[in-house]
Amino acid sequence: MKLNKRQKEAFQFLKYLAESYLNGKSPDVNEVDFNKLSEIGINVNRINHREVKSIVRGKDLKIRREITNAPWYIKGKVTYEYLPFQVKTKRNKL
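Everything numeric in this text was worked out from a predicted model, so none of it was measured. (Residues numbered from 1 in each chain as written. Predicted model: local features only at pLDDT ≥ 70, side-chain atom pairs only at ≥ 80, totals over all residues. Heavy atoms only, no water.)

1. Focus: the environment of R46
The topology assignment puts R46 in the loop between α2 (31–39) and β2 (47–48). For the pair formed by R46 and L3, sequence separation is 43 residues and the distance between their alpha carbons is 26 Å. With near-sequence residues (within four places) excluded, R46 lies in contact with E31, F34, R65, E81, Y82 and L83. A polar contact is formed between the side chain of R46 and the side chain of E31, at a distance of 3.2 Å. (Helix = DSSP H or I, 4+ residues; strand = E, 2+ residues; numbered from the N terminus. Contact = heavy atoms within 4.5 Å. Polar contact = N/O pair within 3.5 Å; in protein donor to acceptor, adjacent residues only side chain to side chain.)

Dropping the structure here:
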């Protein structure tokens, strides 16, 4: 099967994400990586750390995401996200 450059990068990112979780290391990503996955039909649901009330014990590995598509005052900052299987309860929205 022939893949174009963006598709190869998407599969390489998926491999990196899986290996990071299997090795117990926090993956360091940006939004472009998740956009590449969406282009090939793989949607990764992520939950921002501000929406999380409690985490499942032993599954506290965070995805470290650098903000790149934002105004200058928050561009380059870092936010943390979790995958749905890691979240025990979410905060109530007001």
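2. Structural notes on the nonpolar core
Grouped together as the largest cluster of nonpolar side chains are ten residues: A10, F13, L17, Y21, V29, F34, L37, L61, I63 and L83. Secondary-structure elements contributing two or more residues to this core are α1 (5–23) and α2. Broken down by element, the residue count for this core peaks at four residues, all from α1. Those residues in contact with L17 that sit more than four places away from it in its chain are P27 and F34. (Core = buried A, V, L, I, M, F, W, Y, C linked by side-chain atoms within 4.5 Å. Buried < 20%, exposed > 50% of the residue type's maximum accessible area, 1.4 Å probe, protein only.)

3. Focus: α1
Between its first and last C-alpha atoms α1 spans 27 Å; for 19 residues at 1.5 Å apiece the expected length is 27 Å, and the two agree. Taken together, the buried positions of α1 are occupied by A10, F13, L17, S20 and Y21. Axial view of α1: buried residues confined to an arc of 95°, hence all on one face. Exposed and oriented more than 90 degrees from the buried face of α1 are K5, Q12, K15, L22 and N23. The inward-facing, buried residues of α1 abut β1 (28–30), α2 and β4 (63–66). Between the side-chain oxygen at the start of α1 and the backbone nitrogen of R6 there is a gap of 3.2 Å, and the oxygen is on N4. Looking at the residues trailing α1, positive phi occurs at G24, about 75°. (Expected span 1.5 Å × (residues − 1). Arc of directions from axis to C-beta.)

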